Amino acid sequence: MGDKMRKVTVRSPATSANLGPGFDVFGLCLDEPYDIVSVEKMEENGIKIVVEGEKSEEIPTEPDKNTAGVVAKAMMKDFNIKEGIKIHITKGIKPGSGLGSSSASSAGVAVAINELFNLNLPKLKLVEYAALGEGVAAGSPHADNVAPAIFGGFTMVTNYNPLEILHIPVEMNVLIALPDIQISTKEAREILPKKIEMEDMINNVGKACGMVYSLFRNDIELFGKYMMVDKVVEPRRAKLIPKYEEVKEKVKDKVYGITISGAGPAIISIPKKEHLLEVKELFEEVWGRVYYTKVGNGVSVLEKDD
Ligand SMILES: Nc1ncnc2c1ncn2[C@@H]1O[C@H](COP(=O)(O)OP(=O)(O)O)[C@@H](O)[C@H]1O
Ligand SMILES: N[C@@H](CCOP(=O)(O)O)C(=O)O
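Every chain is numbered on its own, with residues counted from 1 as its sequence reads. The order in which chains are written sets their letters, starting at A; the order in which ligands are written sets their numbers, starting at 1. Owing to the predicted nature of the model, reporting of local features is limited to residues with pLDDT of at least 70; listing and counting of side-chain atom pairs is limited to 80 or more, with chain, interface and lining totals taken over all residues. Note that the side-chain values use all heavy atoms of the structure and ignore hydrogens as well as water.

K.L.:
Which parts of the structure should I look at to understand the site of ligand 2?
P.N.:
To be near a molecule or strand, a residue needs just one of its heavy atoms within 4 Å of it. Around ligand 2 sit 15 residues in total, of which Asn18, Asp24, Asp144, Arg189 and Arg237 are the nearest. Two N or O atoms form a polar contact when they lie within 3.5 Å of each other; inside protein one atom must be a possible hydrogen donor and the other a possible acceptor, and for residues adjacent in sequence the pair counts only when both atoms belong to side chains. In this structure, Asp24 approaches ligand 2 through a side-chain N or O atom, which is 2.5 Å from a nitrogen atom. Interatomic distance of 2.7 Å between a side-chain N/O atom of Asp144 and a nitrogen atom of ligand 2. With the chains in place, 98% of the 340 Å² that ligand 2 exposes on its own is no longer accessible. Residue polarity follows a fixed list, in which Ala, Val, Leu, Ile, Met, Phe, Trp, Tyr, Cys and Pro are nonpolar, Asp, Glu, Lys and Arg are charged, and the others, Gly among them, are polar. Considered class by class, the residues forming the shell around ligand 2 number four nonpolar, seven polar and four charged. A domain assignment, automatic or from a database, supplies the domain bounds used here. For the shell around ligand 2, the domains that each give at least three residues are domain 1 (7-169 + 297-304) and domain 2 (173-294). We get accessible surface area from the Shrake-Rupley algorithm with a probe of 1.4 Å; when it comes to residues, only the shown protein chains can shield them.

K.L.:
When you look at the side chain of Arg189 in this model, what are you seeing that I'm missing?
P.N.:
Numbering of helices and strands runs from the N terminus; a helix is a DSSP stretch of H or I covering at least four residues, while a strand is a stretch of E covering at least two. Structurally, the position occupied by Arg189 is in helix 5 (residues 185-190). Owing to a relative accessible area of 18%, Arg189 belongs among the buried residues under this scheme. Residue contacts are counted whenever heavy atoms from the two residues lie within 4.5 Å of one another. Not counting residues up to four positions away in its chain, the partners in contact with Arg189 are Phe23, Asp24, Ala138, Ser140, His142 and Arg237. When a residue's accessible area, from a 1.4 Å probe over protein chains only, is under 20% of the maximum for its type it is buried; when over 50% it is exposed; and in between it is partly exposed.

K.L.:
Hey, could you run me through the packing of aromatic side chains in this one?
P.N.:
Two measures describe an aromatic ring pair: the distance that separates the ring centres and the angle between the ring planes. Pairing of aromatic rings covers Phe, Tyr and the six-membered ring of Trp, with a centre-to-centre limit of 6.5 Å; geometry is then stacked below 30 degrees between planes, edge-to-face above 60, and tilted otherwise. Under the criterion given, the structure shown has four aromatic pairs. Remark: a charge is flagged as sitting over a ring if the NZ atom of Lys or the CZ atom of Arg is within 6 Å of the ring centre and within 35 degrees of the ring normal. The aromatic ring of Tyr34 is capped on one face by Arg11, whose charged end is 3.9 Å from the ring centroid.

K.L.:
Looking at this model, I keep getting lost on helix 3 (residues 123-138). Mind explaining?
P.N.:
Along an α-helix, residues three or four apart share an orientation, since each turn contains 3.6 residues. The end-to-end C-alpha distance of helix 3 is 22 Å, a good match for the 22 Å that 16 residues give at a rise of 1.5 Å each. Among all positions of helix 3, only Leu126, Val127, Tyr129, Ala130, Ala131, Gly133, Glu134 and Ala138 are buried. The secondary structure elements touched by the buried residues of helix 3 are helix 1 (67-78), helix 2 (101-116), helix 4 (146-151), strand 6 (164-168) and helix 5. Gly139 occupies a position one or two residues after helix 3 and carries a positive phi of about 85°. An expected span of 1.5 Å times one less than the residue number is assigned to each helix.

K.L.:
What exactly am I supposed to notice about the domain arrangement of the protein here?
P.N.:
You'll often see interface size given as the accessible area lost when the parts meet. Along its sequence, the protein is carved into domain 1 (7-169 + 297-304) and domain 2 (173-294). Computed from C-alpha atoms alone, the centre-to-centre distance between domain 1 and domain 2 is 24 Å. Taken together, the contacts link 35 residues of domain 1 with 39 residues of domain 2. Once two parts are put together, the accessible area they lose, assessed with a 1.4 Å probe and summed over both, is termed the buried area. Both sides together, the interface formed by domain 1 and domain 2 hides about 2,600 Å², and carbon and sulfur atoms give 61% of it. A per-residue breakdown of the area domain 1 buries against domain 2 is headed by Pro21, Phe23 and Lys94, which together make up 21% of the total. Salt bridge criterion: a side-chain nitrogen from Lys or Arg within 4 Å of a carboxyl oxygen from Asp or Glu. At the surface where domain 1 touches domain 2, the tally comes to three salt bridges. A salt bridge links Arg189 to Asp24; the shortest N-O distance between them is 2.7 Å. Our count for the contact surface shared by domain 1 and domain 2 stands at 14 residue pairs in polar contact (both at pLDDT 80 or more). Secondary structure elements with two or more residues in the side of domain 1 that touches domain 2: strand 1 (7-17), strand 2 (26-42), helix 3 and strand 5 (154-159). When residues in the side of domain 1 that touches domain 2 are grouped by element, the largest group, seven residues, is from strand 2. Each residue belonging to the side of domain 1 that touches domain 2 can be placed in one class, and the counts come to 17 nonpolar, 11 polar and seven charged.

Okay, structure coming up:
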């Protein structure tokens, strides 16, 4: 296809960042929900963005304000791409959800541009570009959503500048609840402390190490147990989600683990098979929307058109 290729369409999945103690470090790729992102070459110069789907009316289409636009602009500048492009985003992931909605568009467009212009960039470089989008959505270019969106599975951002990502493929079912409110990641970051107690740091490092160990042992029970004990971020954000603490207490023995997904309001849990229905029904009753899904493999190319 080479230079003749005119359009690439990708499926870009939701992600769940933090997983309790791994604030700004851990991320998990989900199979569902997802955005569909296509990038098409156009006659006029510049970047045109069209957004449809979940709450699309709230999402800016100016390239400097849309996460996909920011990523596209940076890639086109660095690779001296003069052709104009049209980015079409169908939002399947509600913005302000805690499911990496803004990151899905950033990651999707990075992968699509890489394909469309045959840039052959490694995944780490794509994560670096995609993270630029988070600068406009969350006020900081955190990479813990875009890394799993691109690599799939479980990822750890072990260094920024230079960016370093570690990746562990995992298989796991997850039950996500999505309360009918929106939380801006930017605002949910502003309520976090700038400094933390030594005791809380020791707790979180210990639990985070335990979670990584448990993945290598394939011990979901241990993973979930540690995921529930974040002493730094979750206690501050729990107040933003109606009934979160009450439901967590109710289901804590019926799931392997439960915590806030990203900045919330989504909640991620690892269900025990024997209690799945009961917990799902409770989530639906209290919060409305629920996704029963599994860990996903990252952005995938759906179509390449001449
Ligand atoms: N392509 C996009 N998709 C989703 N949100 C976007 C996009 N571009 C810009 N935004 C803005 O990013 C914010 C949503 O991101 P964020 O608060 O991080 O929520 P989420 O946790 O769902 O990613 C909203 O202000 C939204 O307008
Ligand atoms: N580490 C970030 C992750 C935000 O994820 P999102 O899905 O809410 O955008 C944070 O917790 O602030």
